[in-house]
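# Structural overview
Residue-level listing of the chains:
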Amino acid sequence: DSGVTQTPKHLITATGQRVTLRCSPRSGDLSVYWYQQSLDQGLQFLIQYYNGEERAKGNILERFSAQQFPDLHSELNLSSLELGDSALYFCASSSRLNTEAFFGQGTRLTVV
Amino acid sequence: GENVEQHPSTLSVQEGDSAVIKCTYSDSASNYFPWYKQELGKRPQLIIDIRSNVGEKKDQRIAVTLNKTAKHFSLHITETQPEDSAVYFCAAQIFTGNQFYFGTGTSLTVIP
């Protein structure tokens, strides 16, 4: 167990809908990263938050948004969902002192 | 930004043989290089990492080498076992707290 918790584990929804994925980082970790992994693909960096503020942005679509709350948990919001958004979404966290990033178990999103 | 390239994309070895995966990076300011192992349907897990002030690090059957001049680093797995079969990702980070740039992954198959 990495200490990073993601909910839900699985999500099936229809095209055009909106979903929210949740991530609780390891205790004390200030950085949260979101990654998208499509079938047999690599880890596509979406966005990073550090202590509540956006730190870095990757190839995140305008339909997607994220935030990190004062308790450091993070949510990734995906709207106007398309079939191509079906993927495994990972959250990772790292502390201020250590640079290791630990991944959650992921949320498998299926858009039908 | 940083660009990490990883080769090969697929690798098959006989059980007991060695496996080598290579990555190159573009930004000389990168100073932290982790390697992750991802088994099918599971989260990426950190297996070994190296910082820019070290040229080599070893942990049992796995080792990582770093050549800062050439801007490349490699993962070496000796005495491979079937349970080593997985996708391996290299990554680079410019400095603490910033995003990780991942390679595209290497699918390693160890043939019994």
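Scroll up a little and you will see the structure.
Residues numbered from 1 in each chain as written. Chains lettered and ligands numbered in written order. Predicted model: local features only at pLDDT ≥ 70, side-chain atom pairs only at ≥ 80, totals over all residues. Heavy atoms only, no water.

Counting its secondary structure elements, chain B contains zero helices and eleven strands. For chain B, the succession of helices and strands along the chain, N to C, is β-β-β-β-β-β-β-β-β-β-β. For 112 residues, the compact-globule estimate of 2.2 N^0.38 gives 13 Å, and chain B sits close to it at 13 Å. The principal-axis extents of the C-alpha atoms in chain B amount to approximately 40 × 30 × 20 Å. When burial is assessed residue by residue, chain B has 46% of its 112 residues classed as buried. (Helix = DSSP H or I, 4+ residues; strand = E, 2+ residues; numbered from the N terminus. Rg over C-alpha atoms; globule rule 2.2 N^0.38 Å. Buried < 20%, exposed > 50% of the residue type's maximum accessible area, 1.4 Å probe, protein only.)

It is worth spelling out the state of the cysteines at this point. Residues and elements named next belong to chain A. Tallying each qualifying case throughout the model produces two disulfides over all chains. One disulfide bridge connects Cys23 with Cys91, the sulfur atoms lying 1.7 Å from each other. Every disulfide takes its handedness from the sign of the S-S torsion; for Cys23 and Cys91 that torsion is -40 degrees, giving left-handed. Of this pair, Cys23 sits in strand S3 (residues 19–24) while Cys91 sits in strand S9 (residues 87–94), and the two are 68 residues apart along the sequence. Each member of the pair, Cys23 together with Cys91, is buried. (Disulfide = S-S within 2.5 Å.)

Size it by volume and the largest pocket reaches roughly 840 Å³. Together, 40 residues line the largest pocket, and A:Gln37, A:Gln41, A:Gly42, A:Leu43 and B:Phe89 are the ones closest to its centre. Secondary-structure elements contributing two or more residues to the lining of the largest pocket are strand S4 (31–37), strand S5 (44–50), S9 and strand S11 (107–111) of chain A together with strand S9 (86–93), strand S10 (100–102) and strand S11 (106–111) of chain B. Among the residues making up the lining of the largest pocket, the classes are represented as 15 nonpolar, 19 polar and six charged. Approximately 240 Å³ is the volume attributed to the second largest pocket. (1 Å grid on protein atoms, 1.4 Å probe; cavity = no way out; pocket = protein on both sides within 12 Å on 5 of 7 lines; lining within 4 Å. Points joined across faces, edges and corners; volume = space filled by probe spheres on them. Nonpolar A, V, L, I, M, F, W, Y, C, P; charged D, E, K, R; others polar.)

Of the residues lining the interface, 19 residues belong to chain B; the matching set on chain A comes to 21 residues. Taking both sides of the interface into account, the surface hidden between chain B and chain A amounts to around 1700 Å²; carbon and sulfur atoms contribute 53%. Ranking the residues of chain B by area buried against chain A places B:Arg43, B:Gln99 and B:Phe100 at the top, with a combined share of 32%. For the pair chain B and chain A, the interface holds one salt bridge. If you look at where chain B meets chain A, you find seven residue pairs in polar contact (both at pLDDT 80 or more). Each residue belonging to the side of chain B that touches chain A can be placed in one class, and the counts come to eight nonpolar, seven polar and four charged. (Contact = heavy atoms within 4.5 Å. Buried area = accessible area lost by both parts, 1.4 Å probe. Salt bridge = Lys/Arg side-chain N within 4 Å of Asp/Glu carboxyl O. Polar contact = N/O pair within 3.5 Å; in protein donor to acceptor, adjacent residues only side chain to side chain.)

Here we take up the nonpolar core. Core analysis: the largest hydrophobic core is formed by 25 residues, its most contacted members being B:Trp35, B:Phe73 and B:Leu108. For this core, the elements supplying multiple residues, two or more each, are strand S2 (10–14), strand S3 (19–25), strand S4 (32–38), strand S5 (45–51), strand S7 (62–67), strand S8 (72–77), S9 and S11 of chain B. (Core = buried A, V, L, I, M, F, W, Y, C linked by side-chain atoms within 4.5 Å.)

Keep in mind these values describe shape, not function.
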